[in-house]
Every structure is written in C-alpha cells, then in structure tokens.
Amino acid sequence: MNKFLLTAMPLVLALTAHAQQGGVLTAKDYERAENAMAAAVNPLIERGGITPTWLPDDRFYYRTSVAEGNQFILFDPAKGSRTPVFDHQKLAAALSAATGKTYKSAELPFQSISFSANGKGVIFQAEGKQWKFESNRVTPDTTTVKTAAIAGARGRRGGFRAGGNEVTSPDGKKAAFIKDYNLWVRDIKSDKQTQLTTDGVKDDGYATDNAGWAQSDRAILVWSPDSKKIATFQQDERKVNNMYLVATKVGAPTLKEWKYPLPGDKEIPMLTRVIITVDNPKVVKLQIPADPHRSTLSDDIKGGAGWADVYWSDDASKLVFVSTNRDHKQAKVRMADAETGSVREIFEETSPTQFESGWDAINWRYLSKTNEILWFSERDNWGHLYLYDASTGKLKNQVTKGDWVVTNVDKVDEKNRIIYFTADGMDAENPYFTRLCKIGFDGKGFTDLTPGPGNHQASFSPSGGYIIDTYSKPDVPPATVLRNMQGKVIIELEKTDVSKLAATGWKPVIPFSVKAHDGKTDIYGLMWVPTTLDPNKKYPVIDYIYPGPQGGSVGSWSFAATRGDNNALAELGFIVVEIEGTSNPLRSKSFHDMSYGNMADNTLSDQVTGIKQLAEKYPYMDINRVGIWGHSGGGFATAGAMFRYPDFFKVGIAESGNHDNRNYEDNWGERYDGLAENSNYDVQANQNLAKNLKGKLMLAHGLMDNNVPPQNTLLVVEALEKANKNYDLVIFPNSPHGYGQYSTYMMRRRWDYFVKNLLGAEPPYEYKFKAMGGF
C-alpha cells in the first residue's frame, strides 16, 4: 500500500470521528477531499472508454491511457491489426527539438490529432501552435487541416457549419450569414457577397437565433441538397417584452437588453417560414400563418441540419416540417412546395399534456426516396416509431412496440429499409441503461445489437459494417468491443483498469432503487459514502437534486470514477445521494407526466421517501441531518424543499434557481405547467412559501444570468426579509448562469456551508483549491 495511505489512515479515521462530534476541519482535510475529484482521480485510470475517430476505409484511431502514458492507437478491422498511429518516442524527441522544451513520450501535450491531406503526417496542437509530424520531424503547420476522419459518435449530426457564424452549403461553395438583420450569402472562392433578403429590420430579421434564454449570432437555416435554396424564417419579435441586465463596473453602467418572452405574455416571437432561391435571389413565403418560436423538443429551434423539424426532399422540390403550437399540445406535419409556397397538411399529433419528438435530438425523419415519414410518438404510453405515407397522411404501421422507449434514431438505411436506434428500458437491472438496436420499417427483424448488461454507447463505421460499443455501469468500469452489424463481438479493444485508483482506497458509487412517492413505482439513484465509512456511526446526508422535467439528477448512467464534487463531499464526512425522481423522460409517458401542471413538485416527495427508505437499509445515514443543493432547476427545487419540507431538510444551497416560472422563459412553464390561464403559477412560486423556512438556506445567483434572470432569486430574498427570516446570499456581479471563473469559489462556499451547518464542524478559512488552480 502507498506509504502516504498508511500514514494518512489514522488521521482520516480521527477526522471522521472528530467530525461526528463537531470540531474543526483543516486545510489538509479539504485537500484530501479535493483529491477525490476528477483532476486527481482520472489520471489513475488506465484504458478508459474510447472515443473513436473513423477513417473512410473503416479503420479508426483512438487515444487511450496506459502505464507508459497516453497512446494513440490505429485499428484496422479488416486485418484485425492494432498499431500505434505514430512512434510516440520519436514524436516526443522531434517536438522537443522543435520547441526547445523537453517532452516525454508518456506526456505528449495534446489530446487529439488529425491526418494531413496526404495521409502521411499527423497534425496536432501544442504550445499554442499547430504542428505536423512527418518523416520523424516536427514542423510548424499553417495549412487548414482537412482531415480524412469521419465523426462517428452516437448522436452527432451534421450541421454544415463554417468558421465564425456562417452556414456552409452542401457543395462547400457558398456560406450564408446574417448582416443587418438580413440574410446574405458569400461565394467562398471569390468572397463575393450577395444580399438575399431586404426587408429584415431590428427584431424582425431573417434566420435570427433568440429563444430568450439562449441566443447566438448564427443563422438558423437549412440548405437544400443541391445548394440552390435555403429554408429559413423571418422572426417577428417587435412587440415581445424585453429583459434587462446591468453589468457591474466602475463608471456608467452598461445595460444588456434583449427580447425575452414570459409565460402569459400576449406577444411571443413568431416565425414566418420562407424559402429563398440563392443564385437569383427570390423569397417565397409559405402560405400558412406564422408559427410560434417552437420545435418538437423545445423553443430552441436549432437542431438537425441547422433548423429543427425541417427536411428537404432529395430533389429540393419539397420541404417537410412540423409546426408546434405554443404549449406543445399540437404538432402539425406539413409539406410545402418550394416553388409556390403552397402548404399541405399531412397529419397531426396531439397530446393532453405536451408532445415531444425525442429528448436528445429530433427523432422523426422525412424519407424522400419513398415519400414516407418515420414518426415518433408516445401515444401508447411509450416512446415508439410509426411509419406514415406522406402522400395520404395515413399510418402504414407501428414500427417499434413494447414497454420500453426509443431514445435516438441514429441511422436510417432507406435502401434496405432498416432503422438503427437506441432504446432504454430493456435491462431489468436499470431502465435507464441504453442499448443499440435495429428493426425493419415493417416492424420485423428486431435485433439488439449490443446485448449484455450495462449502459451502451455505440458508433458506426463509415461503411456501416462495424460497431464500436463501449458499455459500463455506474459502478462497473467500461469495456470497449468491436462488433459486426449483427451484434457479434469481433474483438475486445480496451478494458478499463482501475486497480491503481482502487489502491488509494477509492470506492465505486453505490447504485440503488427505491419506491417513489406513490409507494409502487421504482425509481433509481446513486450514493457515495466516505472511503473510511464506519457503519456504526451516523453520517449527515446531502441530496444533490436536478428535478427536470427534461432530465433528472443522475445524468449519465455510465461509469464515472467521480461525479462533480460528490466524492469530495463524501470524503468530508457526508453520505451523498442523487435520486432520479418521477416526472422525467426515458420512461413511460405516464411516468413523465406525473407532475404535469405542477413543476413545483420538483420530485421532492420522491426525494424524501427515497432517503427515508435508504436510511432503513443503511442505518449509518442520519435522517435527522439532511441537506440538499442544486443549480438552476435544482436551485428552484432546493429552495422549494426548504420551504415545503422544512422539518426534513435542515440545510439547503439554491444556486441560480428559477423560483417563479412566471419570471422564466415562456416555453418552460407553458410546456410543463400549461398556459398561464390554465395553471396556477402563483401557488408554485417559492417566494410565496419563504415564510416556512426553518433551516439554513444559502441563495446564489449571477447578476448577468441571461438564462434564469436574477430577479428569480431576488424575489425569494425579498420574501425572506419580509418574513424576518435569516438567510445567506452569494452574488456574482458579472457572471452568467454558470459562474465561470468563480465556480470553484461557489464550490468552496458550498463545502463550508454544509460542513459548518450540517456536519457541525468548523471549515478551514478560505481554502484554496490546488488542482483547479485556485480562484
């Protein structure tokens, strides 16, 4: 065993015993906790799950960590050969000679590579420059990298993005961009610019990207396959309410102002859909009323090939799209004539709550070759695929069936009429474990391509002949295998080795399942305990929460040696839990809709009953000392927990919470609570319950938060003051939704707050994180 561990163990045991009785935690205690975080833990992991980069001939390369350091490996499936991409020792020597610095082959200063145009050289970034290694020499490289690599990661979809804010055409000859609220196109070879629209003005521009909570200068549009037309919109925001933020600085303040609709507003951004002919500029408006700024996923309409829910026919004569209404209860699938702008409605999907076509990405497709639509729906209570005739709008057949959900449509083989997709709910151990599957358009030939327990992440080779599958569990390190398209394992590529990590005393997370608030629905979560756990003692509990309802607390169900600062908090003497509550996706529709109309539920009843059940199983959990924290929706949930369950939760840290959804972007509340006239937003607002506070509450917010405006937290502050309640407040004057350079400051304040108020110990004064560069 490491000598440090032998000498440190008595100290750690003494610390744990001391902390139970109150006392003082030192900087050494915090340093030990910091060493449980990713910067210290991940270097001890060898042969972790790989991210392959495919080459056009189905070879692929990847980076892996071994005892000798990081290595780049090239694998040829046809030959079954595995070789280094380059001679690591020779590259290190050549780079040392080129830069005057000393590099070792085990410590090369780059994480990724690409191949030069001739395929003989390797290009990489180091020392702030681009270099090329070829013929055992490293030289500066100023050419634009044109790698032969093909992205193969699951869920990655092309967007034809050029540099800056331009959107490049499929033939690579033109680039579209916004200038003075109008759409322009640039000839890439000659640099000639042509104005395509002329009537765009401020707050009524073309292809503009503003969802209120998310904005950019990039044009939102979809090029036609022949690069001759553009599908986009003119966005009318002229009567939409403004949001205001004021920067903090010396001298006159700077006002940030932009359009930000709220629930119940009479006016929201509206999109007039248009098709633009590029070579001889002509704008054709589609012959339908303007649509609300919505997609079948959210109100951030970026996605797909650039604009979510929009597909061209192969011959560029038709445009197929979905119009989603304001509260997401209605989705109309439509087809437009690209020349005339006439629109035909194909079919309509409705939901009494809210309709969504997927979660990570849009799951429906227009199949131009056969004029069919592959549609996603939860109409039978599970997320499945349906095949429609686009000519008649008639349902041809349901493609997938069962008590499980299609999570992503990864690939559609129109020629062979096969769909490749990921699905959750097929693993009895955990319904969130993902599998890669295939099925015929007719619903026959279903095949699980990644059988076996665990969460699977897969990518396809360019030819479609191979699959790389990395699978793991939260507590089981990953293995990566190469499979054929029938799912058969050809070879194991890598198997993660955590033996060095385990030698330090590290313990994997503990997965669990408990019953939800209804006493019958299974819900799942993760738990972290101190590495020096004494089962005969009592430990306070910290509940990390993100309530959704678009995704819950846990996030990924794959292996991770450490998650955020959960391991670190456990090392400080806490039991840390994440419970994936009800009313979140990737289960049944009825599961997701459990709290529809009342987002303030925030899975809190699941958190309380879940922690109580865990305490029965693990008596070392102190049910009388429970804390909770979260960010954004988790901040909303945390304050709500302190106000709604004041006798259960004793300490809370609410960061950047949307405490009153009438003060958050319109789509969020109107999608999950319903339109303002149909839902009681007032009863859900945290400030109206602030008088119930009994425990210790810290609130935090960035005053330049353009996602969740800081007025949300200030409403709670004012209510606490009116109720004569004590509270703590951390303000970041110039920070957005995330705290950027001040994130470690917030983490230190979080540790201190839980140590002092939940553990009952005194934290070290103004501890500075080492591995993270301080703050």
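Because the structure is predicted, anything quoted here is derived from the model rather than measured.

(A) Spotlight on the overall build of the chain. In terms of helices and strands, the chain carries 13 helices and 49 strands. The principal-axis extents of the C-alpha atoms in the chain amount to approximately 80 × 70 × 65 Å. Out of the 775 residues belonging to the chain, those deemed buried represent 56%. Counting contacts in the chain only where the partners sit at least 6 residues apart, residues at least 24 apart contribute 59% of the total. Carbon and sulfur atoms make up 50% of the accessible area of the chain, which amounts to about 31900 Å² in all.

(B) Quick peek at the nonpolar core. In terms of nonpolar packing, the biggest core is built from 91 residues, with Met-527, Leu-572, Phe-574, Ile-575, Met-621, Phe-643 and Trp-751 touching the most fellow members. Examining the composition of this core, we find that eight residues originate from one element, helix α13 (residues 743–759), more than from any other. If sequence neighbours within four positions are ignored, Trp-751 has contacts with Tyr-30, Ala-33, Glu-34, Met-37, Asp-565, Ala-568, Leu-569, Leu-572 and Phe-769. Core analysis: the second largest hydrophobic core is formed by 21 residues, Val-85, Phe-110, Val-122 and Val-138 among them.

(C) Quick look at empty space enclosed by the protein. One pass over the structure, following the stated rule, counts five cavities of 30 Å³ or more. What the largest cavity holds in volume is close to 120 Å³. Lining the largest cavity are 15 residues, with Pro-549, Ser-583, Ser-595, Tyr-596 and Met-599 positioned closest to its centre. Here the lining of the largest cavity is built from residues that sort into five nonpolar, eight polar and two charged. Here the second largest cavity is characterised by a volume of approximately 40 Å³. In terms of lining, the second largest cavity is formed by Pro-547, Gly-548, Pro-549, Met-599, Asn-602, Gly-633, Phe-636, Asn-658, Asn-661 and Trp-668. Here the residues of the lining of the second largest cavity are counted per class, giving five nonpolar, five polar and no charged.

(D) Looking closely at the pattern of salt bridges. Considering all chains together, one arrives at 41 salt bridges under this definition. Close ionic contact of Glu-494 with Arg-47 constitutes a salt bridge, the shortest N to O distance being 2.8 Å. Of this pair, Glu-494 sits in strand β40 (residues 489–495) while Arg-47 sits in the loop between α3 (38–41) and β2 (53–54), placing them 447 residues apart in sequence. The partner of Glu-429 in a salt bridge is Lys-473, with the nearest N and O atoms 2.8 Å apart.

(E) Geometry of the sheet that holds strand β7 (residues 122–126). Strand order in the open sheet made by the four strands is β6-β7-β8-β9, with antiparallel pairing throughout. Of all the strands in the sheet, the pair left with one neighbour each is β6 (114–115) and β9 (137–140). Bridge count between β6 and β7: two bridges; the pairing is antiparallel. Residue pairing for β7: Ser-114 is matched across the bridge by Ile-123. Strand contacts of helix α4 (residues 88–99): β7, β8 (129–134) and β9, with the helix running at about 130 degrees to β8, the strand carrying the most contacts.

(F) Spotlight on the layout of surface pockets. Taken as a whole, the second largest pocket encloses approximately 900 Å³ of empty space. Taken together, 35 residues line the second largest pocket, and the ones lying closest to its centre are Gly-48, Gly-49, Ile-50, Thr-51 and Arg-63. Looking at the lining of the second largest pocket, the elements with two or more residues in it are β3 (60–66), β4 (69–76), β37 (455–460) and β38 (466–473). Of all the elements, β3 adds the most residues to the lining of the second largest pocket, at five residues. Considered class by class, the residues forming the lining of the second largest pocket number 15 nonpolar, 18 polar and two charged.

(G) Focus on unusual backbone geometry. Gly-548 connects to Pro-549 through a cis peptide bond whose omega is 10 degrees. Following the sequence through the fold, Pro-549 ends up in the loop between β43 (539–544) and α6 (566–571). Of note in this structure, Ala-316 is not a glycine but carries a positive phi near 65 degrees. Tracing the chain through its elements places Ala-316 in the loop between β25 (310–312) and β26 (318–324).

(H) Representation of helix α2 (residues 27–34) in the model. When α2 is considered as a whole, its buried residues turn out to be Asp-29, Tyr-30, Ala-33 and Glu-34. For α2, the angular spread of buried residues about the axis comes to 140 degrees, placing them on one side.

(I) Just the pairing of strand β34 (residues 418–424), in detail. Of all seven residues in β34, six are buried; the element is thus mostly enclosed. Taken together, the seven bridges between strand β33 (residues 405–413) and β34 define a ladder with antiparallel strand orientation. The partner of Val-409 across the bridge, within β34, is Phe-421. Hairpin connection of β33 to β34: four residues between the antiparallel strands, including Arg-417 at a positive phi of 55 degrees. Taken together, the seven bridges between β34 and strand β35 (residues 434–440) define a ladder with antiparallel strand orientation. By the bridge assignment, Tyr-420 is partnered in β35 with Lys-438.

(J) Inspection of the environment of Ala-305 at higher detail. Topologically, Ala-305 is positioned in the loop between β24 (291–292) and β25. Using a relative accessible area of 26% as the deciding quantity, one classes Ala-305 as partly exposed. Residues Ala-305 and Trp-223, 82 residues apart in the sequence, show an inter-C-alpha distance of 8.2 Å.

(K) Fine view of a nonpolar patch on the surface. Taken together, the side chains of Tyr-244, Val-246 and Leu-255 make up a nonpolar region of the molecular surface, amounting to roughly 280 Å² of accessible area. Inspection of the secondary structure assignment puts Leu-255 in strand β21 (residues 255–259).

(L) Focus on the sheet that holds strand β14 (residues 193–195). Taken in spatial order, the four strands line up as β11-β12-β13-β14 in an open sheet, and their pairing is antiparallel. If you trace the sheet from one side to the other, it starts and ends with β11 (167–168) and β14, each paired once. Sheet analysis places strand β13 (residues 182–187) next to β14, joined by three bridges and oriented antiparallel. Bridge pairing in β14 links Arg-186 to Gln-193.

Rules of the game
One numbering rule holds for all chains: residues counted from 1, following each sequence as written. It should be noted that, the model being predicted, local features are given only for residues of pLDDT at least 70 and side-chain atom pairs only at 80 or more, the latter also being counted only at that level, while totals for whole chains, interfaces and linings use all residues. Where side-chain values are given, they derive from all heavy atoms of the structure, hydrogens and water being excluded. Think of it this way: any DSSP run of H or I at least four residues long counts as a helix, any run of E at least two long counts as a strand, and we number them from the N terminus. A simple rule labels every residue: compare its accessible area, found with a 1.4 Å probe on the protein chains alone, to the largest value its type can have, and call it buried under 20%, exposed over 50%, or partly exposed in between. Contacts: residue pairs with any heavy atoms within 4.5 Å of one another. For the area figures, the Shrake-Rupley method with a 1.4 Å probe applies, and any residue is considered shielded solely by the protein chains shown. Within this scheme, the nonpolar core is defined by two criteria: the residues are buried Ala, Val, Leu, Ile, Met, Phe, Trp, Tyr or Cys, and they are joined through side-chain atoms within 4.5 Å. Using only the protein atoms, space was sampled on a 1 Å grid; points where a 1.4 Å probe fits but cannot get out form cavities, open sets with protein on both sides within 12 Å along at least five of seven lines form pockets, and lining residues are those with an atom within 4 Å of a point. Grid points are joined across faces, edges and corners, and a volume is the space filled by probe spheres set on the points. Residue classes follow a fixed rule: Ala, Val, Leu, Ile, Met, Phe, Trp, Tyr, Cys and Pro count as nonpolar, while Asp, Glu, Lys and Arg count as charged, and any other residue, Gly among them, counts as polar. Here, a salt bridge means any Lys or Arg side-chain nitrogen found within 4 Å of an Asp or Glu carboxyl oxygen. Only strands joined by at least two bridges in the DSSP assignment are considered to pair. Inter-axis angles, ranging from 0 to 180 degrees, are taken between N-to-C directions of lines fitted to C-alpha atoms, where helices are fitted over the stretch in contact. Directions are taken from the helix axis to each C-beta atom, and the arc is the one they span. The patches described consist of residues with a relative accessible area above 30% and no salt bridge, like charges being joined within 9 Å and nonpolar side chains (Val, Leu, Ile, Met, Phe, Trp, Tyr) within 5 Å.

Shape is all these values report; function is a separate question.
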